[in-house]
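Tertiary structure, described
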Protein chains: 2
Amino acid sequence: MAANHAHRDDNLLEDIQSRLDSLNKSERKVAEAILRDPSAATRYSIAALARAADVSEPTVNRFCRGFSATGFPDFKIRLAQSIATGTPYVGQNVEPDDTVAEFADKIMLSTIASLDKARQSLDPKALGTVIDYLIQAKQINFFGMGGSASVALDAQHKFFRFNIPVTSYDDALMQRMVAAGAQVGDVIVLISYTGRTKEAVEIAKVARANGATVIGITNPESPLAECCTAVLGVTAPEDTEVYMPMSSRIIHLTVIDILATGVTLKRGKDFLSHLKKIKESLKATRYPLE
Amino acid sequence: MAANHAHRDDNLLEDIQSRLDSLNKSERKVAEAILRDPSAATRYSIAALARAADVSEPTVNRFCRGFSATGFPDFKIRLAQSIATGTPYVGQNVEPDDTVAEFADKIMLSTIASLDKARQSLDPKALGTVIDYLIQAKQINFFGMGGSASVALDAQHKFFRFNIPVTSYDDALMQRMVAAGAQVGDVIVLISYTGRTKEAVEIAKVARANGATVIGITNPESPLAECCTAVLGVTAPEDTEVYMPMSSRIIHLTVIDILATGVTLKRGKDFLSHLKKIKESLKATRYPLE
DNA sequence: CATTATTTTTATAAAATTACTACATAATGC
DNA sequence: GCATTATGTAGTAATTTTATAAAAATAATG
């Protein structure tokens, strides 16, 4: 797997800004020259920047080293990244007087950020285990309540293509009934944001008591996680910000995507033709691509 | 809007990826060496990269010029920006013999990439218009079929909190009935991946004929888009890769998030207390945070 | 308070690294 | 086999870095 790009919140530009006061005369001149037009600075040579700041070249070099760069070229690279990262909204919350463009961008970026976080924290081993369970399943049931109902529905829709009996339920009563009638070989996937919904925990216990495999897509540190056969942990960020939508649904959906893909891959080629057939059968209902 | 730097969607990395086939032997070696570890490439000197790609230095230089850089240093800067822009390894498809960790990562990254693409292409003006329509709505109906059913359901769940009559339907018959009975002041949001589902197009026409506002969250170049009052365009990436899940659902969900947030913001403070009450009322059904 | 010692800051110039150009050779296609 | 394109070699130009010296600032002493 390709090595990961580590830096994310490098923000060199912000760094320069904040350290402006603690710099000496010449170095401040350099800082000011850079801040005056940061993207132009990335195109300058050390000589050009020295001229623009009215200092000598080694001063610029020392300045760069001061910001823990190995030298001027390295500094320029970091500066370029800092500018491109220049999405100042990461981590910023939606404010009541944001313009549409602003809050749309903030929501998009925070969604992206939480997906990236999930990417790093998801345990491939647990994923593998869950995929194995799903392949062996005689029947799969996706349970989600409230905001997770749509995730369960989506999962049903995706797994329906696999020719396995699959259902999804969004009300506790039906879930409890299915759990009560579950057997060895059945898989129940519980999708819950907090993992602290009482009903969900009880349903998980009932299902396990009957020998069913219970998989939780939920907060790993939660009562629900403790009574599952296997858990796919999606750490829930705090739900404090009123205006910020919860991005957990989206992470859950992506986890479903991964599971579905895993099942497809493990099932092998002959199964692929089955998938293609389904795709074909849908074409009749559509306008042609012109 | 905060002085956002002319976000030229340079995406050099994507460029390199896509032009991989049209390169000659040596230049492809360079491209592959860069794609193998792009962030490392930003730290290389031209000599180091030449060695890594097993070609000569001028070849690297020519390669850089081929991507309209003035030279190697300029190329490195652009590469650094492209990496920081947060569109990491795109275009890497899931292969049948990927490990779980590998394909999980690929799916996550491609989802992130398509979200970022959507971020850049979404039209804030259209968003604003749609938000205004939603605020004025007497009733909102979310229609989604097949894979979009879960998105519609999610939207219903979100907008339910706004105290507006809101419904969602996933079967064409019910949708058609609602459309037939629609009135001026009603808003119908049609969610469709391709925008070429015959049923959806007809339903849109019926609803508009009755004076309802029809909003499409769909492919902007589609029959459906043409008969809507307002369109939020989400350009659909090709559905050619068998193993790659469609990320459009996730983009659609995020668009719903943005719309819901927009409605909340425009509704103002007094409305906020209403939202808080709903959140409170949910706590009783949960285990405490210990 | 002036003067000198010490430290810090800054610049000059030389050394080293890095990138580029011109040209030659090899490979490819007609 | 000739024309064209592709690639590499070697030398040159450029840029950056280091070493070192001068200047400025600060502190210390008479």
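Above this text you will find the structure in question.
To keep things clear, this report deals only with the structure shown in the data block. This is a predicted model, so every value here is computed, not measured.

Another point: the overall build of chain A. Each helix and strand counted, chain A has 14 helices and 5 strands in total. A fraction of 67% describes how many contacts in chain A between residues 6 or more apart in sequence connect residues 24 or more apart. About 13,200 Å² of surface is accessible on chain A, with carbon and sulfur atoms providing 52% of the total.

With that out of the way, let us pick up the pattern of salt bridges. Per the stated rule, a full pass over the model turns up 20 salt bridges over all chains. Two residues, Glu 199 of chain A and Arg 176 of chain A, come together in a salt bridge whose shortest N-O distance is 3.0 Å. With a gap of 23 residues between them, Glu 199 of chain A in helix H11 (residues 198–209) and Arg 176 of chain A in helix H10 (residues 172–180) connect regions that are remote in the sequence. The exposure class assigned to Arg 176 of chain A is partly exposed, which follows from its relative accessible area of 30%. The partner of Arg 249 of chain A in a salt bridge is Asp 257 of chain B, with the nearest N and O atoms 3.3 Å apart.

A word on the nonpolar core. Among the nonpolar cores identified, the biggest contains 86 residues, and Phe 159 of chain A together with Phe 159 of chain B are the most heavily contacted of them. Excluding anything up to four places from it in sequence, Phe 159 of chain B contacts Leu 134, Ile 140, Phe 142, Ile 164, Val 166, Ile 256, Leu 259, Ala 260 and Val 263 of chain B. The next biggest cluster of nonpolar side chains, apart from the first, holds 24 residues, and it includes Ala 50, Cys 64, Phe 67 and Ala 69 of chain B.

Attention now moves to the pairing of strand S4 (residues 213–218) of chain A. Residue and element names in this part refer to chain A. Counting buried positions along S4 gives 6 out of 6 residues, so the element sits mostly inside the fold. Both strand S3 (residues 186–191) and S4 contribute to a ladder of 5 bridges, which runs parallel. Residue Val 189 lies in a different strand from S4, and its bridge partner there is Ile 215. Remark: the S3/H11/S4 crossover connection has right-handed handedness. Here S4 runs beside strand S5 (residues 230–233); their pairing, made up of 4 bridges, is parallel. Across the sheet, residue Thr 218 finds its bridge partner in S5, namely Gly 233.

Time to look at the sheet that holds strand S2 (residues 166–169) of chain B. Note: strands within a sheet are paired through backbone hydrogen bonds, in either parallel or antiparallel orientation. Residue and element names in this part refer to chain B. Reading across the sheet, the 5 strands line up as S2-S1-S3-S4-S5 and stay open at both edges, with parallel pairing between neighbours. Looking at strand neighbours, the two that pair on one side only are S2 and strand S5 (230–233), the edges of this open sheet. In this sheet, neighbouring strand axes are inclined to one another by 15 degrees on average, regardless of whether the strands run parallel or antiparallel. With 4 bridges connecting them, strand S1 (residues 139–144) and S2 associate as parallel partners. Considered in S2, the bridge of Ile 140 is made with Val 166. Each of S1, strand S3 (186–191), strand S4 (213–218) and S5 touches helix H8 (residues 124–136); the most contacted strand, S5, lies at about 130 degrees to it.

Taking 1.5 Å of rise per residue, 13 residues should cover 18 Å, and helix H6 (residues 72–84) of chain A covers 18 Å from first to last C-alpha, within 8% of that figure. With respect to burial, H6 of chain A is a largely interior element, 11 of its 13 residues being buried. All of the buried residues along H6 of chain A are Phe 72, Phe 75, Lys 76, Ile 77, Arg 78, Leu 79, Ala 80, Gln 81, Ser 82, Ile 83 and Ala 84 of chain A. Turning to H6 of chain A, the residues buried within the fold contact helix H1 (12–18), helix H2 (25–36), helix H3 (38–41), helix H4 (46–53) and helix H5 (57–66) of chain A together with helix H6 (72–84) of chain B.

Definitions and limits used
- Each chain carries its own residue numbering, running from 1 in the direction its sequence is written.
- Each chain is given a letter, starting from A, and each ligand a number, starting from 1, according to the order in which they appear as written.
- Residues qualify for local features only when their pLDDT is at least 70, as the model is predicted, and side-chain atom pairs are given and counted only at 80 or more; totals for whole chains, interfaces and linings, by contrast, use all residues.
- Side-chain measures were taken over the full set of non-hydrogen atoms in the model, leaving aside hydrogen atoms and water.
- The helix and strand labels rest on DSSP assignments: H or I over at least four residues marks a helix, E over at least two residues marks a strand, and numbering proceeds from the N terminus.
- What makes two residues a contact is simply this: any of their non-hydrogen atoms within 4.5 Å.
- Each accessible area value is a Shrake-Rupley result obtained with a 1.4 Å probe; residue values ignore everything except the protein chains displayed when judging cover.
- Think of a salt bridge as a Lys or Arg side-chain nitrogen and an Asp or Glu carboxyl oxygen that are within 4 Å of each other.
- Exposure is judged per residue with a 1.4 Å probe applied to protein chains only, and the accessible area is read against the type maximum: over 50% gives exposed, under 20% gives buried, and values in between give partly exposed.
- Grouping buried Ala, Val, Leu, Ile, Met, Phe, Trp, Tyr and Cys residues that are joined through side-chain atoms within 4.5 Å yields what is termed a nonpolar core.
- A pair of strands is labelled paired if DSSP reports no fewer than 2 bridges between them.
- Orient the strands so they point away from the viewer; a crossover is then right-handed if the path from the first strand over the helix to the second runs clockwise.
- Axes, fitted as lines to C-alpha atoms, cover a helix only where it is in contact. Angles between the N-to-C directions of the axes lie from 0 to 180 degrees.
- In this analysis, the expected span of each helix is defined as 1.5 Å times one less than the number of residues it contains.

Purely spatial values, then, with no claim about function.
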